[in-house]
Amino acid sequence: MQYCSTRGGVHGWDFHQVLFSGFAPDGGMFMPENVPVLSLNTLRSWKGLTYTQLVVEVASLFIPTRLIPRLDLEVLVGEALAGFSLPEVVRVARLKEGLSILELFHGDTLAFKDLAMTCTVRFLNYFLQKQNRTAVVLVGTSGDTGGSAIQSARGLGGLDLLVVYPRGRVTPVQEKHMITCLEDNVHVFAADGSSDDIDRPLRRLFADQELVSSHSLMSLNSVNWSRVMVQLAHFIYAYLELSGIEHAEADGDLPELEVVVPTGGAGNIAAGYIVKQMGLPLRLVAMVNSNDIVHRTVTVGDFSMASNVTQTLAPAIDIQDPYNMERLFWLLLGRDGATVKNMMEEFQQSHRHSLPENQRRLLSDVLSSGSVTDEGILETMRRCWKENQYVLCPHTAVAVWHHYHCPPSPGLNRCYIATASPAKFQAAVQRAGLTFELPQAVLALDKLATRYQNLERSPNWCKDWEDILREKIQSVSSARKYHS
């Protein structure tokens, strides 16, 4: 299995090279050069697997054994997912009126990011130890990615982690998952801006090839292919659990499953579409909050940022730059790197791009969408509680709104992705007039000491933040080399 860039300038990289990269050197995102197709027999043989076993099977399709032997892969994934509060790691909550919710939030930071992050950090550490080397990881976060990266990487000897989050735009629990980590290898920055603002200096740092190579600089955002790769597993798991595949005829069509996904950076949607390319008949629905660029792109071809990121009750998807859409465009346009390069460079320079109608139709054929206001989020949380005594987090409510306003077609099974626990979003739960008992691990965060550095909003803030982060990358890397 080899990898290439969505912008056509890089081909023939292996999993190890891609894992240790952020964006590709040409500014694109890495994708497998060929997507394996799963047979009905393979899917049937996977039906009885645990979630952990399924992750191993999926990862083994994209990581050759010469890089990570099968037994090592089983150990790495097993260790990564062993710390989840459920032995089965994920589960389906089957509620009234066919409302099936796939809970992906039973890791340390109570968000779906823990699934792929823990595995990706284990893969990373595996190679670092084998090669006796170090790396610097730089992560921008809208809320959940940062905490998940910190919990996965804290205390690891060969890794320094820099996390930048938007101050005042994350919940108290999200913030505490980041700033209460006092490990020497974790460095947290609170930026006076949005998560899209944070992406700008980070892109410039990753585009500096000398900085990247000198300090083994890499990303753990869903820019990193490994994150998306592990996320393939929960779409396959949902399909095996909820589609009714066990009743499929050997020579008949596979049953469809509609999967409704709360969408921000579009990493989950990219994973779902790759699984569709692997032969599973998924219908994908991207649900967004008031930051509705994905919805506008699907419905009218308007791939353009609003002037500002709107703060909503679902802050982890308060994103106007859904960077993983680039992976989707690349697949939809027949892996045409030149076209993707032109459209994404236009978007990055002007913050807008209008999809031609033929391209928009290609997109809307494989992806439906909807947009939900804060009032819609609260209404959905209240209704789900009233009918099921089940508390949704506000992001999951963005998806479940679709259940109440767009009922599924007769005979079509549907799954809603639950990306986070309501424990992380107490203000939204309270605004909905609901209560949710906080886990002990969340209550304990209030008693912990904190450490972080502010990134202030200056007239030349983008360059200033870039310089501060560059200096930190250089200093932690130099300190590692000195001590080694």
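For the structure, see preceding data.
Rules used throughout
- Residues numbered from 1 in each chain as written.
- Predicted model: local features only at pLDDT ≥ 70, side-chain atom pairs only at ≥ 80, totals over all residues.
- Heavy atoms only, no water.
- Helix = DSSP H or I, 4+ residues; strand = E, 2+ residues; numbered from the N terminus.
- Rg over C-alpha atoms; globule rule 2.2 N^0.38 Å.
- Buried < 20%, exposed > 50% of the residue type's maximum accessible area, 1.4 Å probe, protein only.
- Contact = heavy atoms within 4.5 Å.
- Areas by Shrake-Rupley, 256 points an atom, 1.4 Å probe, with all protein chains shown as cover.
- Lys, Arg positive; Asp, Glu negative; His and termini not counted.
- Charge placed at Lys NZ, Arg CZ, Asp CG, Glu CD.
- Axes fitted to C-alpha atoms, helices over the stretch in contact; angles between N-to-C directions.
- Parallel < 35°, antiparallel > 145°, perpendicular 65-115°, else oblique.
- Left-handed = near helix turned anticlockwise from the far one by under 90°.
- Nonpolar A, V, L, I, M, F, W, Y, C, P; charged D, E, K, R; others polar.
- Disulfide = S-S within 2.5 Å.
- Arc of directions from axis to C-beta.
- Core = buried A, V, L, I, M, F, W, Y, C linked by side-chain atoms within 4.5 Å.
- Salt bridge = Lys/Arg side-chain N within 4 Å of Asp/Glu carboxyl O.

Draft legend 1. Just the overall build of the chain, in detail. A tally of regular secondary structure across the chain gives 20 helices and 15 strands. Its C-alpha atoms give the chain a radius of gyration of 21 Å, near enough to 23 Å, the size a compact globule of 484 residues would have. Going through the 484 residues of the chain one by one, you find that 61% of them count as buried. Look at the contacts in the chain between residues 6 or more apart in sequence, and 75% of them connect residues 24 or more apart. In the structure as shown, the chain presents an accessible area of about 18400 Å², 48% of it carried by carbon and sulfur atoms. Computed over 43 positive and 51 negative side-chain charges, the inter-centroid distance for the chain is 1 Å.

Draft legend 2. Representation of the environment of F189. By secondary structure assignment, the location of F189 is in strand β7 (residues 186-191). Judged by relative accessible area, which is 2%, F189 ranks as buried. Counting along the chain gives 207 residues from F189 to T396, while the straight-line C-alpha distance between them is 28 Å. Setting aside chain neighbours within four positions, we find F189 in contact with L162, V163, V164, Y165, Q453, L455, I468, L469 and K472.

Draft legend 3. Representation of the packing of helix α3 (residues 51-62) against helix α10 (residues 225-242) within the structure. Contact pair α3 / α10: the axes reach a minimum separation of 9 Å and the direction vectors enclose 130°. Classified by the angle between their axes, α3 and α10 sit oblique to one another. As α3 runs across α10, the sense of the crossing is right-handed. When α3 is examined against α10, the residues Y51, L54, V55, V58, A59 and F62 are found in contact with a partner set consisting of W225, M229, V230, L232, A233, H234, I236, Y237 and L240. Grouping the constituent residues of the contact of α3 with α10 by class yields 14 nonpolar, 1 polar and no charged.

Draft legend 4. The environment of R470, seen in detail. Along the chain, R470 falls in helix α20 (residues 461-483). Judged by its relative accessible area of 19%, R470 falls in the buried class. Sequence separation between R470 and V18 is 452 residues, and the spatial gap between their C-alpha atoms is 22 Å. With residues near it in sequence (within four places) discarded, R470 still touches L205, D208 and L211.

Draft legend 5. Focus on the state of the cysteines. Applying the stated criterion across every chain, the model contains 0 disulfides. Looking at C384, it has no disulfide partner, and the nearest cysteine sulfur is the one in C393, 11 Å off. In this structure C415 is not part of a disulfide, and its nearest cysteine sulfur, from C384, lies 14 Å away. Among the residues examined, C415 registers a relative accessible area of 0% and is labelled buried.

Draft legend 6. Geometry of helix α15 (residues 357-366). For α15, the full list of buried residues reads Q359, R360, L363 and V366. Buried residues of α15, viewed axially, fall in a sector of 135°; they line one side. Looking at the buried positions of α15, the neighbouring elements they touch are α11 (267-277), β10 (282-288), α12 (293-300), α13 (325-332), α14 (337-350) and β13 (367-371).

Draft legend 7. View of the nonpolar core. In this structure, F15, F123 and W225 are the most contacted members of the largest nonpolar core, which totals 117 residues. Looking at this core element by element, the count peaks at 13 residues for α10. Excluding anything up to four places from it in sequence, F123 contacts F15, L19, I63, I68, L73, L76, V77, S226, M229 and V230.

Draft legend 8. Expanded view of the pattern of salt bridges. Using the criterion set out here, one finds 25 salt bridges in the structure. With a closest N to O distance of 3.6 Å, E357 and R361 form a salt bridge. Here R361 and E357 lie together in helix α15, a separation of 4 residues that amounts to about one turn. E387 is paired through a salt bridge with R383; the nearest N and O atoms lie 2.8 Å apart. One end of the pair is E387 and the other is R383, both in helix α16 (residues 374-388) and 4 residues apart, which spans about a single turn.

Draft legend 9. Looking closely at unusual backbone geometry. Notably, A266 is not glycine yet its phi reads approximately 75°, a positive angle. In this structure, H351 takes a positive phi of about 65° despite not being glycine.

Draft legend 10. Up close: the environment of G155. Position of G155 among the secondary structure elements: in the loop between α6 (144-153) and β6 (159-166). On the basis of relative accessibility, which here comes to 48%, the residue G155 falls in the partly exposed class. For the pair G155 and N185, spaced 30 residues apart in sequence, the C-alpha to C-alpha distance is 6.3 Å. Each residue touching G155, except ones within four places of it in the same chain, is listed here: E183 and N185.

By themselves, these observations are geometric and do not establish any function.
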